[in-house]
Amino acid sequence: MTQNSPLQPYQASALKISSMVRSGDLAVSEVVAFYLNRTKQIADRINSHTYHQVKSVEIQTRELEKRLLAREHLPMAGVPILVKDNICTRDMPTTCASKMLENFRPPFDAHVVARLRHAGAIIFGKTNLDEFAMGSSSENSSFGPTLNPWDLTRVPGGSSGGSAAAVAADLAPVALGSDTGGSIRQPAAFCGIYGLKPTYGTVSRFGLVSYASSLDQIGPFARDICDLALVHDVISGHDPRDSTSRVLDSTNVCEELIRYEPNLNGTKIGLIKELFATGLDTSINAAIQEAADALRKLGAEIREVSIPSLKYSVSSYYLIATAEASANLARYDGIRYGHRTQEPVTSLKDLYKKSRQEGFGREVKQRIMLGTFALSSGYYDAYYGKATQARRLIAHEFNKALEEADFLLSPVAPTTAFRLGEKINDPLTMYLGDICTLGVNLAGLPALSVPCGWDKSNLPIGMQIIGRPLSEKNLLTTARAYERSVGLHLQRQPSL
Amino acid sequence: MQFEPIIGLEVHCQLATNSKLFCACSTVFGADANHQVCEVCLGMPGTLPVLNKTAVHYAIKLAIAVGGRINEQSTFARKQYFYPDLPKGYQITQFEQPYCEGGVVQVDKETRVELIRIHIEEDAGKNVHARDSSHIDYNRAGMPLVEIVSKPTIRSAAEAAAYLRSLRSLVRHLGISDGNLEEGSFRCDANVSLKPVGSSVLGTRCEIKNLNSFRYVERAINFEIERQRELIINGMPVIQQTLLFDAELGRTIPMRSKEESHDYRYFPDPDLPFLRISKERIKTITAALPELPLAMASRIAEQYTLPDHDAHLLTQDKVVAHYFEQVVLACENSVSSKIVANWVIGEVIPLASEQNWNMSNPVIPYESLAGLLKLIGIGTVSSKIAKVVFEEMVKSGENPALIVDKLGLVQVSDEGAIAKIVDQVIEENPEQVTQYLSGKDKVLGFFVGQIMRASKGKMNPGLVNSILLKKLDQRREHN
């Protein structure tokens, strides 16, 4: 192994790997061997992966070696990245952790995957999730639940639980998730890592299997802010194949962060009053107050803001998301691809019924039913219609709060990682756990999950920093200031 | 009791874009099954629609041409139902906010049909049933359509067909659709109900789906009117249902009843932003709009002093109208424009339709037809002989003067030669001469026929007439 190799558990950052690979101080094959070995030791214990094959990694490695020789511009040269299994990859299955798509291989790469490959990253495998990204615990998976590396009796959060757990266990320095109502931020908090949910429209959804199209957004996981910025720089930007994608200049936030001197003078940060109400775990409250103090010390001005309509966010979200999902999942009918029943059928309708009954899990069926109901004639106005009104109100109040403050601060979840099975039969409690994150998706805002402490069971706590639309750079800078001054992510590691 | 039919039509017109409405797949008709598909129009997981700008441009042209109100902001919606030919489980269409509302299709100077709305939507694929298996062809899935919904103000099957013809002519004039009924790029559903004359209470309506020829539209509507009349007269209820027209049986047959009708659960498609059409854009497109059929018909009637009927026939197809105008110009006043019109309407249009000519590049180019008509104008051939030459032109593609030469068809205008034949025919038919002299003018036709036959039609008919009359009248004097 090369001298000064960063290839020790929890020592390698994506940034360091790519710069050493580019300079020739580190061979791609060494990086790959290190992470293949870790994956072999750990992945099965936490059940983080849905797909991982040495052969596919080797093919990519050889390809990359050629490109390195050709001196191509490769900002992520040799960086292993894991991809949530609802993001399409042309050389690996894309299952959405559903029996419905267990043998599905897309004939194309998602836009983000193509960008990552172009930047020199190695798609290291696909990660577990709640089926079709519907859930907050990664327990609703045809591959079985993913376990939290900090405590194997607990959930890693969801729906991007596999990506979060894998990065927390250093099976890759970075990973992709998707966030429809908190599916990046909450697992990041439960697993003690960083997660970014970008502004709606900054990252192309082309190739992301739709759950709720108006809320879905792909984003990165990392163990430090610079790595998070590195991935975000690569995957964000306009894509003509996604009509909701915004036209943006390419960013190089990562470069700027490396040289950044922490200074939050004049920055106004608002604590969202409604999200510190009763029901919040006291250790989470304490950790965030402590983080607020740290930010104050860096020059920020901390104040309280109010978003009263947040009380409608859970019902609004679960009507809009399920309504959209009921249409988005209609294509899984067993006709062209995906699961088709092997039972004898009496009619076309029967074929649909049996295929969908067998192919979808319980939570997915529940949400399809809920969404179908919300859009039914005679109920549309009272449910879907009202929910979209509430959504506009929530977005309006968020934007007003973001006039008073540059950033908003809140917990990511009211609790730390809960136990496997603890909420699986109580969907309402599970849904209510999403209260801190849903509003951000309804308003289309960018938000970060930042590790900010541990509870008394040594479980990670995360805080959420929310920014104005397209303020990713400032959001990352602020988090970087906090990271530099506190540096929590280096202090403890899960003992696996 | 007297009943009045209430008819409303929904027309699906395929826009003549090169690619589909939401992906880059080709729209060319007739490809092998499932050869014009991609991950987007197959509705694969993770794919997203991107709106075809040309399709919107074409749709705007239509909206302007019918004088519809174009909404500055309209939305795409998902219409949800399960069917194998519908890859996503929903069709992307416009529901609550279509891009165009209102508008009028002018059928002729007196008749107009008002529209409720026009909206943009994607087509579905096609189920193909074999004896013991079913197959799906997705080539048509995602084809760009406009649906044109008329008010239920049409009162007869004939009027419905006339409206459809005008609408088809309009979209072809605009160059936004080939309006091809056989290939399914122009399809029609008809809503038919009856109401007692003078009453304001509407009857129960039935919808006849997928009428793919003007003739079927008329037959289906007429059948349906009679069917409903029979039911009502016999005190039976008309059941609201969707029908298909069986052309072989010549009758409508039920497809599904109202109880089986879907709840489509329309809602705005979150994958597509609002469709915005600015006033400036409308202005620009308006300025570049071609002459519309009715305006063109009145201009042509006036400019070429033609009857309205002729002008109407000439302007059914913009390319034909253009052809007519080119022929007139090329004839350089050697024949009247009425004669040109007669030739285009009587010879060219029927032949073009029978032989499926591409009128932009017709088998008889305008110069050739003009060349032939000029020969009539200067008396080289008669109209009758000209038709023989025309047929030969179609067959051989040679130029008319050459054909006249080769076949020796030059008209005989030598009075002496004509007189000789006339004398001969008069001599051979003394009986008919007696008849003529006793006042039976009708036998003149017989003489002309005999003379023409004897000369193989080449005699100048004007001269034949005058010489024949002169010679016969001479006989009268002799008697």
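About the cut-offs
- Residues numbered from 1 in each chain as written.
- Chains lettered and ligands numbered in written order.
- Predicted model: local features only at pLDDT ≥ 70, side-chain atom pairs only at ≥ 80, totals over all residues.
- Helix = DSSP H or I, 4+ residues; strand = E, 2+ residues; numbered from the N terminus.
- Rg over C-alpha atoms; globule rule 2.2 N^0.38 Å.
- Buried ≥ 20, exposed ≤ 12 C-beta atoms within 10 Å, placed from the backbone.
- Contact = placed C-beta atoms within 7 Å.
- Core = buried A, V, L, I, M, F, W, Y, C linked by C-beta atoms within 7 Å.
- Pairing = 2+ DSSP bridges.
- Axes fitted to C-alpha atoms, helices over the stretch in contact; angles between N-to-C directions.
- pLDDT = per-residue confidence, 0-100.
- Parallel < 35°, antiparallel > 145°, perpendicular 65-115°, else oblique.
- Nonpolar A, V, L, I, M, F, W, Y, C, P; charged D, E, K, R; others polar.

> Break down the overall build of chain B for me, with residues and values.
A count of helices and strands for chain B gives 15 helices and 17 strands. For chain B, whose C-alpha radius of gyration is 30 Å, the value lies well above the compact-globule estimate of 23 Å for 479 residues. C-alpha atoms of chain B, sized along the principal axes, occupy 95 × 55 × 50 Å. In chain B, which comprises 479 residues, the proportion classed as buried is 40%. For chain B, long-range pairs separated by at least 24 residues make up 68% of all intrachain contacts whose partners lie at least 6 apart in sequence.

> Tell me about the overall build of chain A, and please be specific about residues and values.
Helix and strand counts for chain A stand at 16 helices and 11 strands. In summary, chain A has a C-alpha radius of gyration of 21 Å against a globular reference of 23 Å for 496 residues, a match within 12%. Structurally, chain A occupies a C-alpha span of about 70 × 55 × 45 Å along its principal axes. Every one of the 496 residues in chain A was classed for burial, and the buried ones make up 58%. Contacts in chain A between residues far apart in sequence, at least 24 positions, make up 75% of those at least 6 positions apart.

> Provide a residue-level description of the nonpolar core, including the pertinent values.
Counting 227 residues, the largest nonpolar core has I81 of chain A together with A59, A160, A190 and V217 of chain B as its most contacted members. With near-sequence residues (within four places) excluded, A190 of chain B lies in contact with I7, L9, A160, I208, L211, V217, A220 and I221 of chain B. Grouped together as the second largest cluster of nonpolar side chains are 40 residues, I300, A311, V320 and V389 of chain B included.

> Before we move on, can you summarise the sheet that holds strand β4 (residues 174-179) of chain A with the specific residues and values?
Residue and element names in this part refer to chain A. The strand order across the open sheet built from 11 strands is β1-β3-β2-β4-β6-β5-β10-β11-β9-β7-β8, with neighbouring strands paired in mixed fashion. Two strands lie at the open edges of the sheet, namely β1 (49-51) and β8 (301-305), each paired on one side alone. With direction set aside, neighbouring strand axes in the sheet form an average angle of 30 degrees. Bridge analysis of strand β5 (residues 194-197) against strand β10 (residues 447-454) gives three bridges, and the strand direction is antiparallel. Counted as the bridge partner of L196 is L448 from β10.

> An account of the sheet that holds strand β4 (residues 77-80) of chain B is requested, with residue identities and associated values reported.
All names here are of chain B. Taken in spatial order, the three strands make up an open sheet running β5-β4-β16, and their pairing is antiparallel. A strand with exactly one partner marks an edge of an open sheet, and here the two such strands are β5 (90-93) and β16 (267-268). The sheet contact formed by β4 and β5 spans four bridges and is antiparallel. The residue bridging K79 from the neighbouring strand is Q91, located in β5.

> Go over the environment of R117 of chain A with me, naming the residues and quoting the values.
Residue and element names in this part refer to chain A. Within the fold, R117 resides in helix α4 (residues 111-118). The class for R117 is buried, based on 21 C-beta atoms found within 10 Å. Taking the C-alpha atoms as reference points, R117 and L74, 43 residues apart in sequence, are found 9.2 Å from one another.

> Can you explain the pairing of strand β9 (residues 126-129) of chain B? Please cite residues and give values.
All names here are of chain B. Across four bridges, β9 lies against strand β10 (residues 134-137) in antiparallel orientation. Its bridge partner being in β10, V128 is matched across the sheet by H135. Count of turn residues in the β9/β10 antiparallel hairpin: four residues.

> Before we move on, could you go through the interface of chain A and chain B and cite the residues and values that matter?
Listed as interface residues are 32 residues of chain A and, on the opposing side, 25 residues of chain B. If you tally residues by element for the side of chain A that touches chain B, the top one is helix α10 (residues 313-328) of chain A, at three residues.

> Give a detailed account of helix α15 (residues 435-443) of chain A, specifying residues and quantitative values.
Residue and element names in this part refer to chain A. Taking burial as the measure, the nine residues of α15 include nine buried ones, the bulk of the element. The set of residues buried in α15 consists of I435, C436, T437, L438, G439, V440, N441, L442 and A443. G444 sits one or two positions beyond α15 and adopts a positive phi of about 70 degrees.

> Describe unusual backbone geometry, naming the residues involved and giving the relevant values.
Residues and elements named next belong to chain A. The step from G158 to S159 runs through a cis peptide bond, and the omega angle for that step is 10 degrees. Tracing the backbone shows S159 in the loop between β3 (122-127) and α5 (161-168). The phi dihedral of F132 is positive, around 55 degrees, even though this residue is not glycine. Tracing the sequence through the fold places F132 in the loop between β3 and α5. A positive phi is found at D170, a non-glycine position, where the angle reads about 55 degrees. Looking at the secondary structure, you find D170 in the loop between α5 and β4. Assessed through the 21 C-beta atoms surrounding it within 10 Å, D170 is described here as buried.

> So what's going on with the confidence of the model for chain B? Which residues, and what values?
Any residue range with low pLDDT should be treated as having predicted coordinates unsuitable for detailed reading. Taken as a whole, chain B shows an average pLDDT of 92; of its residues, 99% reach a score of 70 or greater. Of the two predicted TM-score estimates for the complex, the pTM is 0.89 and the ipTM is 0.96.

> Break down the packing of helix α13 (residues 381-404) of chain A against α15 of chain A for me, citing the residues and quoting the values.
Residues and elements named next belong to chain A. Packing of α13 against α15 brings their axes to within 8 Å, and their N-to-C directions diverge by 95 degrees. As summarised for this structure, α13 and α15 are arranged roughly perpendicular, according to the angle between their axes. Residues R391, I394, A395 and F398 of α13 lie in contact with α15, whose contacting residues are G439, L442 and A443. Its residues assigned to classes, the contact of α13 with α15 comprises five nonpolar, one polar and one charged.

> Before we move on, can you summarise the environment of G444 of chain A with the specific residues and values?
Residues and elements named next belong to chain A. In this fold, G444 is placed in the loop between α15 and β10. Residues G444 and R468, spaced 24 residues apart in sequence, show a C-alpha to C-alpha distance of 9.4 Å. Setting aside anything within four residues of it in sequence, one finds G444 in contact with T199, Y200 and P469.

> Please provide a residue-by-residue account of the environment of A447 of chain A, values included.
All names here are of chain A. Note that A447 resides in strand β10. The exposure class assigned to A447 is buried, which follows from the 31 C-beta atoms found within 10 Å. Between the alpha carbons of A447 and K297 there is a distance of 22 Å; along the sequence they are 150 residues apart. Apart from residues no more than four positions distant in its own chain, A447 is found in contact with R185, K197, V440, Q464, I465 and I466.

> An account of the pairing of strand β11 (residues 144-150) of chain B is requested, with residue identities and associated values reported.
Side-chain direction in a regular strand flips from residue to residue, so the side chains alternate between the two faces of the sheet. Residue and element names in this part refer to chain B. Among the seven residues of β11, five are classified as buried, and the element is accordingly described as predominantly covered. Sheet topology note: the strand β1 (residues 3-14)/β11 ladder contains five bridges and is antiparallel. By the bridge assignment for β11, E10 is matched with V149. Strand direction decides the pairing type here: strand β8 (residues 112-122) and β11, joined by seven bridges, are antiparallel. Bridge pairing in β11 links E122 to P144.

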